[in-house]
Amino acid sequence: MRIAVLGGGPAGLYFAISAKLRDASHDIDLFERNAADSIFGWGVVFSDQTVDNLMANDPVSGAVIRDEFAHWDDIEVHLRGETIRSGGHGFIGIGRKRLLAILQDRARSLGVALHFAHEASSDLAAYEDYDLIIAADGANSVMRGANAEAFGVDIQTRANKFFWFGTDRVFEAFTFAFKETEAGWVWAHAYRFDAGQSTFIVEMSEATWVGLGLHRMSQPEAIALCELIFAGHLGGARLLSNALHLPGPQAWLNFRRVLCERWHHGKLILIGDAAHTAHFSIGSGTKLALEDAIKLAEVLHRPGLPREEALAEYQDERSVEVLKLQNSARNSTEWFETLDRYLHFEPIQFAYSLLTRSQRVSHENLRLRDPQWLGRVERWFQSRARGRPANDAAPPMFAPFKLRALDLANRVVVSPMATYSAVDGTPNDFHLVHYGTRAQGGAGLVYTEMTCVSPEGRITPGCTGMYAPEHVAAWRRITDFVHANSAAKICLQLGHSGAKGSTRVGWEGYDVPLESGNWPLMAASDVPWSAANQKPQPMTRGQMDAVRDAFVAATRMGIDAGFDMVELHVAHGYLLSSFITPLQNRRGDEYGGALENRLRFPLEVFAAMRAAWPADKPMSVRISANDWAGEAGVTPDEAVEIARAFTAAGADLIDVSAGQTWADAQPVYGRMFQTPFADKVRNEACVPTMAVGNIYEPDHVNSILAAGRADLVALARPHLIDPMWALRAAAAHDHRDIFVPPPYLAGQAQLARNLKRAAEQDAALKA
Ligand SMILES: Cc1cc2nc3c(=O)[nH]c(=O)nc-3n(C[C@H](O)[C@H](O)[C@H](O)COP(=O)(O)OP(=O)(O)OC[C@H]3O[C@@H](n4cnc5c(N)ncnc54)[C@H](O)[C@@H]3O)c2cc1C
Ligand SMILES: Cc1cc2nc3c(=O)[nH]c(=O)nc-3n(C[C@H](O)[C@H](O)[C@H](O)COP(=O)(O)O)c2cc1C
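Residues numbered from 1 in each chain as written. Chains lettered and ligands numbered in written order. Predicted model: local features only at pLDDT ≥ 70, side-chain atom pairs only at ≥ 80, totals over all residues. Heavy atoms only, no water.

It is at 9 Å that the axes of helix 21 (residues 636–648) and helix 22 (residues 675–685) come closest, and there the two elements cross at 55 degrees. Compared by their axis directions, helix 21 and helix 22 come out oblique. The two elements helix 21 and helix 22 cross, and the hand of that crossing is right-handed. Contacts from Pro636, Asp637, Ala639, Val640, Ala643 and Arg644 in helix 21 reach Phe677, Lys680, Val681, Glu684 and Ala685 in helix 22. Here the contact of helix 21 with helix 22 is composed, by residue class, of seven nonpolar, no polar and four charged. (Axes fitted to C-alpha atoms, helices over the stretch in contact; angles between N-to-C directions. Helix = DSSP H or I, 4+ residues; strand = E, 2+ residues; numbered from the N terminus. Parallel < 35°, antiparallel > 145°, perpendicular 65-115°, else oblique. Left-handed = near helix turned anticlockwise from the far one by under 90°. Contact = heavy atoms within 4.5 Å. Nonpolar A, V, L, I, M, F, W, Y, C, P; charged D, E, K, R; others polar.)

What follows is the structure, given as structure tokens:
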């Protein structure tokens, strides 16, 4: 085959090598706009896995690359005069120039025709004689640009400015240095890539960049300023630019995230950065480029595989890998873009947050990498939580938490879950056993299901209520059991169904109206939940008074029923949520329109409840932090304002849920998918938050807490199937300082022993 490769970066060179290795008869021309030795860039980092892949594909170049790698293990985070150093991270790096020189030599030796100083044309007609055209021309690919529609190109330009410098200073650890300037924070990502040089990427927000005057500075001026800012880290070494031909401001880049729906178009194939990019802060661009090259060469060479199928397999397999990395890269990019949130953290927590920013590295990964360091983090966390020095390194989930005068034994929470098992609102034996078992299961706090403040405020006929004297007595039986037989506290969630009321119990179909006996509905406006649901009546002021009073009455009953805490449910599209979300609130009065207006009635209800609830007892508010409707609905930015407003009215905790506010929402599900909202609300509004949503492993809970992304973590479905979730987690960590009902102690001890033995056997096998 005659193959034209456009671009002589890692992707182009390595594809040419990999294709030639598989079939020496290929006639390959590689066109690179730069001279062979005028290559941009400093160092690149890899993982051991990438090296294994290179060795398997081409042991000759693989061995040269492997032998030249610089290895290092530690990461150092420098913040406010403190250095936090942790180990076990295992990086390998090489100079980009050296890597490309090795690949050029190898390509030449295999007979690839390398044409340097040759600008490739974006005109396909120029490559008529070729069977395949490989567009390996990088993140700004002209070929991709000229065929953008065919490839379905999606480019996102990210917010921060960065400059990719080199330096002769050798950093022994991967170094993140954060410096405060009069215009804001500036930071460097620095790592050694050979015996005498390091990469030194300087990054900052656009506002800081402008504030420092870098948008007007020549390169020498910008370099001098960066050298001054990082003088303490550079130890007299200079910062080196290999983009000196550019005017100063243009040498600063904004990262561009590239995504393509299709990776080939006729005989034109995208590879490497031309097809996709991954933010430099996770250092995987070169790895992806090399692995694309291997896969593409492999499928094109497979006997009997038609070209279209080969290319489909290439895209299918590689795009999954790319998507995984781009997800991590997005988290990491966003972390650096929202850095201001975390700068008030103590340096050790800041470092933990940095290390776990992509969500690829968790608490237990860090324990494996550096158990001593993780122990320090755990002791720090426990000390802060207990208000006194702690010498035992218990996992963060077993740290206490205080809300007003209420002491929670740990941070694990049973999330509110409707059981639809009440009759006329009265909880019964089912509820006693359900809540009693979950309280005995070790969680620090157990929420009731949404308990409704009036009969017509129920979602289904099976919902629990707090509007009749018999409800108080029935709930009292449950809270008494919880207090007498567990260390858990119990919180009453109060709500009103609004437009989502008068439906069947969950397992007979969510949000499906009753077959008979439907009751009339009310909501902020006359917007039905769906075409199948009743049209609600827009609430009059008189109805608003009645609903507010019902919430207050239920709150007072909550005192008599023995609850430790009350939560107001203003999420998930129910009555109060229908005021907050613009998707349901169409009112033209003072309760509709701007967020301030939409919050007016929910805040009025909350304030009235707060006045009725004892001052020493805490209250939380459950919000939907995102309507998943873009600017048309509640956005995470608005969620911060909502949280601030309820906190100002006396809320002690914001329970950060999301969605369920309109029937056609398309949430982006995934592990811990709502936690970013809890993080944003906590660290922008500076209020305690509870995270919830697809959090199911102890490792998730510990990672969220230690990184300061939330103060409590609620698990719903995991507790349905395993009421003893927290006791099981304690056994897995061999954590003894948790209340176990005395009759169950032997079971807990045996589980701890068995899990310990299994972990030891596992470790022995791995060793
Ligand atoms: C600041 C920064 C730090 C990075 N750090 C790392 C890291 O630590 N680890 C890592 O793995 N990756 C890193 N990367 C990413 C990495 O550089 C790329 O992902 C990787 O180089 C992609 O390889 P590629 O061959 O697809 O593209 P490139 O390396 O960009 O190569 C494209 C080549 O095409 C040439 N070209 C472009 N247009 C034309 C044309 N019209 N005609 C002829 N030639 C053309 C270019 O000159 C270039 O040589 C970093 C990137 C940046 C910006
Ligand atoms: C069966 C069931 C019933 C639920 N009922 C309620 C409820 O009454 N009040 C509420 O705020 N959330 C309710 N939720 C939402 C959960 O509290 C939680 O936010 C959601 O399930 C995500 O957490 P998970 O991934 O741990 O299950 C319910 C969830 C389930 C699965």
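Counting buried positions along helix 13 (residues 347–355) yields nine of nine residues, so the element is predominantly enclosed. Of all the residues in helix 13, the buried ones are Pro347, Ile348, Gln349, Phe350, Ala351, Tyr352, Ser353, Leu354 and Leu355. (Buried < 20%, exposed > 50% of the residue type's maximum accessible area, 1.4 Å probe, protein only.)

Right, let's talk about the sheet that holds strand 2 (residues 27–31) for a bit. The pairing of strands in a sheet happens through backbone hydrogen bonds and is either parallel or antiparallel. One open sheet accounts for six strands, arranged 8-2-1-9-17-16; its pairing is mixed. Looking at the sheet topology across the chains shown, the edges are occupied by strand 8 (113–115) and strand 16 (264–265). Pairing geometry for strand 1 (residues 2–6) and strand 9 (residues 132–135), over four bridges, is parallel. Directly across from Ala4, in strand 9, lies its bridge partner Ile133. Most of the contacts of helix 1 (residues 10–22) go to strand 2, to which it runs at about 175 degrees, and overall it touches strand 1, strand 2, strand 8 and strand 9. (Pairing = 2+ DSSP bridges.)

Residues Thr689 and Ala691 of strand 29 (residues 689–692) are buried on one face, and the alternating residues Met690 and Val692, pointing to the opposite face, are buried as well. As defined by bridge partners, strand 28 (residues 653–657) adjoins strand 29 across three bridges and the pair is classed as parallel. Counted as the bridge partner of Ile654 is Thr689 from strand 29. Following the chain from strand 28 across helix 22 to the adjacent parallel strand 29, one finds a crossover that is right-handed. The pairing of strand 29 with strand 30 (residues 712–715) spans three bridges and is parallel. Within strand 30, the residue paired with Val692 across the bridge is Ala714. Read as a crossover between parallel neighbours, the route from strand 29 over helix 23 (residues 698–706) to strand 30 is right-handed. (Right-handed = clockwise from strand over helix to strand, strands pointing away.)

We now examine the site of ligand 2. As a matter of local geometry, ligand 2 sits amid 18 residues, with Ser415, Pro416, Ala418, Asn694 and Arg717 nearest to it. At 2.8 Å from an oxygen atom of ligand 2 is found a side-chain nitrogen or oxygen belonging to Ser415. Between Arg717 and ligand 2, the recorded distance is 2.6 Å, taken from a side-chain N or O atom to an oxygen atom. Look at ligand 2: alone it shows 610 Å² of surface, and the protein chains cover 85% of it. A breakdown of the residues in the shell around ligand 2 according to their chemical character gives nine nonpolar, six polar and three charged. (Near = heavy atom within 4 Å. Polar contact = N/O pair within 3.5 Å; in protein donor to acceptor, adjacent residues only side chain to side chain. Areas by Shrake-Rupley, 256 points an atom, 1.4 Å probe, with all protein chains shown as cover.)

The analysis is restricted to geometry; functional conclusions fall outside its scope.
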